[in-house]
Amino acid sequence: MIVLGRDGFSEKLAKKMHAKFVRIESKIFPDGESYFRISEPERVKGEKVILVVRGESSKLDQNRMLTESLLILDKLKELRAKKTCLLLPYIPYARQDKEFLKGETISIKTFRSILKEKCDLLVNVTSHDFRKEGWIDRKTYVMDATDSIAEFLKSKKFKDPVFVAPDMGVNESVEKLAKSLGGNSLGFKKERDRKTGKIRTSGKIPNLRGKELVIYDDMVSTGGTIHNALKLAKKTGAGKIICVTIHMISVLNKKHGKNSIDLIRDECDEFLATDTIESEVSRISVIPDLAKTLLKIF
Ligand code: R5P
C-alpha cells in the first residue's frame, strides 16, 4: 500500500498504516496553472494507492485541490496502480449541497460524481450530511470526526458539560458528543439571508451559571456562526466556553475586520480544530481514526 501526498499529514498517515509514503511535487506556473509530479512513479504499478489531497487554512485553494485530485488520479491510472482511493479530509464545495435559490448549482453533487468516477473509493471526513441527500454508495465513505473530537475532549475531564449546536444542522453531532462525554446539549437556530449571506441566531438562554460549555460546528469559515453562538452562550452565565470545529477554513470576517481564527479565539477560553485542514488551532488529529478506517475499508 502507498500513501501519496504533499505534507506531513500524509506522511504520518502512511506511518500509522505501515504503508510506503511517496511525495507529490507541485508548483504554480506564472499564469496560475498548477503543476504536479509523482516523485517516484516507478513504485506505483500494481499497488493500492491512497491519494491525500489536503490544504492549509490560511491559503486554502479548493479549486486547486480539485485539479490536483483529477490530474493525479488520471496519472495513477496511467501508471497502472492496482486500486486507488482519494482521501479529501476536507472535501471542497461541501456546503453547496442544495439549490437554495432557483438556478444555483449543487456543486458538491457534481464534483463528487466526477471524482468518484476517477477512483475506486472516495473518502472524506464529516461535512454536510451526504446521507440525507442519498449520495453515499459503495464507492464513497464519510468518516465521522466526532469520535476523534470526543476522544480528545476526554482529557479535559469535564464535570457536567453542556454541548452547544450553533445551528440545528449539527444538532445530531452535538447530541452524540454530549452522550459520549456525559453532558447535556443545547441548540440554537441559525437563519441565513440567501441573498446577502447575513445570519441571525436565536434560541432559549437557560441558566448555566459556572458550567463548562462546548460549542461545536462542522466547519468554520468567516467565523460568523460560532461568533453569534458565543454571544448567546455568554448570556447563560457559563464559567468556561470552548469552541471546537472539524474543518477550519480561516478567512477575513469583514464585519469584524478580523481573521476568523482570531475572532473566535478572542471571545472564548479555548478554540480547537482537527487537522483535516492545517491551521494554528489544529490540535485534534483525525489520523489515528482515518488509519484504522482506511485499513478496514480499502
Ligand atoms: C453551515 O451550514 C455550516 O455548518 C457552518 O455553520 C458554516 O459553514 C460556518 O460558516 P461561517 O463560519 O462563515 O459562519
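Residues numbered from 1 in each chain as written. Predicted model: local features only at pLDDT ≥ 70, side-chain atom pairs only at ≥ 80, totals over all residues. Heavy atoms only, no water.

### Some details on the domain arrangement of the protein
Often the size quoted for an interface is simply the accessible area lost on bringing the parts together.
Alright, step 1. Partitioning the protein into domains gives domain 1 (2-144 + 286-297) and domain 2 (147-275).
Alright, step 2. Computed over C-alpha atoms only, the centres of domain 1 and domain 2 are separated by 28 Å.
Alright, step 3. Facing the 21 residues of domain 1 at the interface are 17 residues of domain 2.
Alright, step 4. For the pair domain 1 and domain 2, the two sides together bury roughly 1,600 Å², of which 50% comes from carbon and sulfur.
Alright, step 5. When residues of domain 1 are sorted by the area they lose upon contact with domain 2, Ser57, Asp144 and Val286 head the list and together hold 29% of the total. (Domains from an automatic or database assignment. Contact = heavy atoms within 4.5 Å. Buried area = accessible area lost by both parts, 1.4 Å probe.)

### Section: the site of the ligand
Alright, step 1. Not every one of the 13 residues close to the ligand is listed here, only the nearest: Asp217, Asp218, Thr222, Gly223 and Thr225.
Alright, step 2. Top contributing element to the shell around the ligand by residue count: strand β12 (residues 212-220), with four residues.
Alright, step 3. Counted by class, the shell around the ligand contains two nonpolar, six polar and five charged residues. (Near = heavy atom within 4 Å. Helix = DSSP H or I, 4+ residues; strand = E, 2+ residues; numbered from the N terminus. Nonpolar A, V, L, I, M, F, W, Y, C, P; charged D, E, K, R; others polar.)

### Some words on the side chain of Ser107
Alright, step 1. Tracing the sequence through the fold places Ser107 in helix α3 (residues 107-118).
Alright, step 2. Non-local contacts of Ser107, meaning those with residues more than four positions away in its chain, are made with Tyr93 and Gln96.

### Quick word on the pattern of salt bridges
Alright, step 1. Taken as a whole and assessed by the stated rule, the structure comprises 25 salt bridges.
Alright, step 2. In this structure, Glu25 engages Arg37 in a salt bridge whose closest nitrogen and oxygen atoms are separated by 3.1 Å. Taken together, the positions of Glu25 in strand β2 (residues 20-28) and Arg37 in strand β3 (residues 34-38) put the pair twelve residues apart, joining distant regions of the chain.
Alright, step 3. Residues joined by salt bridges that share partners form a network here, namely Asp7, Arg54 and Glu278. (Salt bridge = Lys/Arg side-chain N within 4 Å of Asp/Glu carboxyl O.)

### Side note on the packing of aromatic side chains
In this description, a pair of aromatic rings is defined by centroid distance and the angle of the planes.
Alright, step 1. The tally for this structure, following the rule as stated, stands at three aromatic pairs.
Alright, step 2. Relative to Phe111, the ring of Tyr93 has its centre 4.8 Å away and its plane inclined at 50°; by these criteria the two rings are tilted. Residue Tyr93 is found in the loop between β5 (83-88) and α3, and its partner Phe111 is found in helix α3; the two are separated by 18 residues along the sequence.
Alright, step 3. Among the residues examined, Phe111 registers a relative accessible area of 25% and is labelled partly exposed.
Alright, step 4. An angle of 80° between the planes, with centres 6.4 Å apart, marks the rings of Phe158 and Phe163 as edge-to-face. (Phe/Tyr/Trp six-rings, centres within 6.5 Å; stacked < 30°, edge-to-face > 60°. Buried < 20%, exposed > 50% of the residue type's maximum accessible area, 1.4 Å probe, protein only.)

### Re the pairing of strand β1 (residues 2-5)
Alright, step 1. The side-chain alternation of β1 yields two buried faces, one formed by Ile2 and Leu4 and the other by Val3 and Gly5.
Alright, step 2. Pairing of β1 with β2, which is carried by four bridges, proceeds in the parallel orientation. Among the inter-strand pairings, Gly5 is bridged to a residue of β2, identified as Arg23.
Alright, step 3. Bridge count for β1 against strand β4 (residues 48-52) is three bridges, and the pairing is parallel. Bridge pairing in β4 places Leu4 opposite Leu51. (Pairing = 2+ DSSP bridges.)

### Considerations on a positive patch on the surface
Alright, step 1. A contiguous patch of positive charge on the surface is contributed by Lys198, Lys231, Lys235 and Lys255.
Alright, step 2. Mapped onto the fold, Lys198 is located in the loop between β10 (189-192) and β11 (199-202). (Patch = residues over 30% accessible without salt bridge, like charges linked within 9 Å, V, L, I, M, F, W, Y side chains within 5 Å. Areas by Shrake-Rupley, 256 points an atom, 1.4 Å probe, with all protein chains shown as cover. Lys, Arg positive; Asp, Glu negative; His and termini not counted. Charge placed at Lys NZ, Arg CZ, Asp CG, Glu CD.)

### Section: the packing of helix α5 (residues 146-154) against helix α6 (residues 171-181)
Alright, step 1. Axis separation between α5 and α6 bottoms out at 10 Å; the angle between their running directions is 40°. Crossing hand, α5 versus α6: right-handed. From α5, Thr146, Asp147, Ile149, Ala150, Leu153 and Lys154 reach across to α6, where they touch Ser173, Lys176, Leu177, Ser180 and Leu181. (Axes fitted to C-alpha atoms, helices over the stretch in contact; angles between N-to-C directions. Left-handed = near helix turned anticlockwise from the far one by under 90°.)

### Brief notes about the pairing of β2
Alright, step 1. Considered for its hand, the β-α-β crossover made up of β1, helix α1 (residues 8-16) and β2 is right-handed.
Alright, step 2. Direction of pairing for β2 relative to β3: antiparallel, over a ladder of five bridges. Across the sheet, Lys27 pairs through a bridge with Tyr35, a residue of β3.
Alright, step 3. Hairpin geometry of β2 and β3 is characterised by an intervening segment of five residues between the two adjacent antiparallel strands and by a positive phi of about 100° at Gly32. (Right-handed = clockwise from strand over helix to strand, strands pointing away.)

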